[in-house]
Amino acid sequence: MSTAVTETIAGVRDLVAAARTAGRTIGLVPTMGALHAGHGRLIERAREDGGLVVVSIFVNPIQFNQASDYQAYPRVLDEDVRFCDRLGVDVVFAPGDREMYPHPQQALVEVTGVSDHMEGAFRPGHFRGVATVVLKLFEIVGPDRAYFGEKDAQQLAVVRRMVRDLNVPVTIVPVPTVRENDGLALSSRNRRLRPADRPRALALYRALQKAAALIQAGGRDAAVVKREAVATVPSEPALRLEYLEIADPDEMRPVARIDGPVRIAGALWVGDVRLIDNILVEPGRH
Ligand code: AMP
């Protein structure tokens, strides 16, 4: 059976209701499209868990803090639908802006604390936009399970906190980051890298790995670890490290001393493309 595609809220609700009547559970994979093997892993995981698999594709305007980034974001819906079809997705929900935001959105979800640092600090309003659209998607689709990548670890923490604090009846399923052979985290934004910049983009993962190695070797002072990791990023005009931070993995608050599991996260500008990545490190564990 091929993937059903709907652009309307009523349409996806009908498909979900029919599945419910047939006794099936619902898994939701929220995306912004330009799908790659990272999204593919989320979809596979959703399929393994069974039930109706719904993939939403929506480039959410209210989570972009830069109009240029929003405009440049890749949009390839036909390709995405074929990708979903190959992976056995049941439903693609691909609403337009007017379907999701017929009026200016005035009800906004703010998840304080976990949203404050790193991405939240450098992209004001970003997580408010994310939490708001994710809650809307949960209300529209009503999934039992929703799948999120660890690639966006702070987003995952924000969504988990929102679900917990607002008693949303959905299980959040985290999925590990999918990488290219050389370690570059797959991202829809990688499509925008100039070929000459592709090798440079690895600098972020290398810096994260350096920090992880220092911690595994006994480094406990976050400032020292960060300084040495940042120093691995080549000083080239095309590269600008926006931040590299070591944070508590649940609260997403930077730590001064490393005495438990930490998330090492960073954002790197490669030309005019902003990439993020992170890894989880458990000191003493290899
Ligand atoms: P996006 O389309 O970039 O908003 O991503 C949609 C979902 O896919 C989010 O939960 C992301 O964390 C996840 N995702 C994106 N890239 C990867 C990756 N390389 N590995 C695993 N999950 C990913």
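Caption draft 1: Local environment of the nonpolar core. Formed by 45 residues in total, the largest nonpolar core has its most connected members in Val54, Phe138, Met162 and Ile172. If we ignore the near neighbours within four places in the chain, the residues touching Met162 are Val109, Val111, Ala131, Val134, Leu135, Phe138, Asn167 and Val168. Listed in part, the 28 residues of the second largest apolar core include Leu204, Ala207, Val262 and Leu275.

Caption draft 2: Inspection of the side chain of His126 at higher detail. Among the secondary structure elements, His126 is positioned in helix H7 (residues 126-141). Relative accessible area serves as the criterion here: at 6%, His126 is assigned to the buried category. A polar atom in the side chain of His126 sits 2.8 Å from the backbone oxygen of Gln63.

Caption draft 3: Representation of the site of the ligand in the model. Taken together, the neighbourhood of the ligand is formed by 17 residues, with His39, Gly149, Asp152, Val178 and Leu186 sitting nearest. Taking Asp152, its side chain carries an N or O atom lying 2.6 Å from an oxygen atom of the ligand. When the ligand sits alone it has 490 Å² of accessible area, and the protein chains cover 93% of it. Secondary-structure elements contributing two or more residues to the shell around the ligand are strand S2 (26-31), helix H2 (37-49) and strand S5 (145-149).

Caption draft 4: Quick peek at the packing of aromatic side chains. Scanning the entire structure with this criterion turns up five aromatic pairs. Ring centres 6.0 Å apart and planes at 45° place the aromatic pair Phe58 and Tyr101 in the tilted group. In this pair, Phe58 is assigned in the loop between strand S3 (52-57) and helix H3 (67-72) and Tyr101 in the loop between helix H5 (97-100) and helix H6 (119-122), connecting sequence segments 43 residues apart. Take Phe58: its relative accessible area is 5%, and that puts it in the buried class. The class of Tyr101 is buried, set by a relative accessible area of 13%. With a centroid separation of 6.5 Å and 80° between ring planes, the pair formed by Phe138 and Phe148 is classed as edge-to-face. Taken together, the positions of Phe138 in helix H7 and Phe148 in strand S5 put the pair ten residues apart, joining distant regions of the chain. Its guanidinium or amino end placed over the ring of Tyr70, Arg75 lies 4.7 Å from that ring's centre, counting from NZ or CZ.

Caption draft 5: Molecular detail of the sheet that holds S3. The six strands lie next to each other as S1-S4-S3-S2-S5-S6, forming an open sheet whose pairing is parallel. Each end of this open sheet is capped by a strand with a single partner; those strands are strand S1 (4-6) and strand S6 (171-175). Recorded for the sheet is a direction-independent mean angle of 25° between the axes of neighbouring strands. Pairing geometry for S3 and strand S4 (residues 91-93), over three bridges, is parallel. Residue pairing in the sheet places Val55 in a bridge with Val92 of S4. Against the sheet, helix H1 (residues 9-21) touches S1, S2, S3 and S4, its axis set at about 165° to S3. Sitting on the sheet, helix H8 (residues 153-165) touches S5 and S6, and the angle it makes with S6 is about 165°.

What counts and what doesn't
Residues numbered from 1 in each chain as written. Predicted model: local features only at pLDDT ≥ 70, side-chain atom pairs only at ≥ 80, totals over all residues. Heavy atoms only, no water. Core = buried A, V, L, I, M, F, W, Y, C linked by side-chain atoms within 4.5 Å. Buried < 20%, exposed > 50% of the residue type's maximum accessible area, 1.4 Å probe, protein only. Contact = heavy atoms within 4.5 Å. Helix = DSSP H or I, 4+ residues; strand = E, 2+ residues; numbered from the N terminus. Polar contact = N/O pair within 3.5 Å; in protein donor to acceptor, adjacent residues only side chain to side chain. Near = heavy atom within 4 Å. Areas by Shrake-Rupley, 256 points an atom, 1.4 Å probe, with all protein chains shown as cover. Phe/Tyr/Trp six-rings, centres within 6.5 Å; stacked < 30°, edge-to-face > 60°. Lys NZ or Arg CZ within 6 Å of the ring centre and 35° of its normal. Pairing = 2+ DSSP bridges. Axes fitted to C-alpha atoms, helices over the stretch in contact; angles between N-to-C directions.

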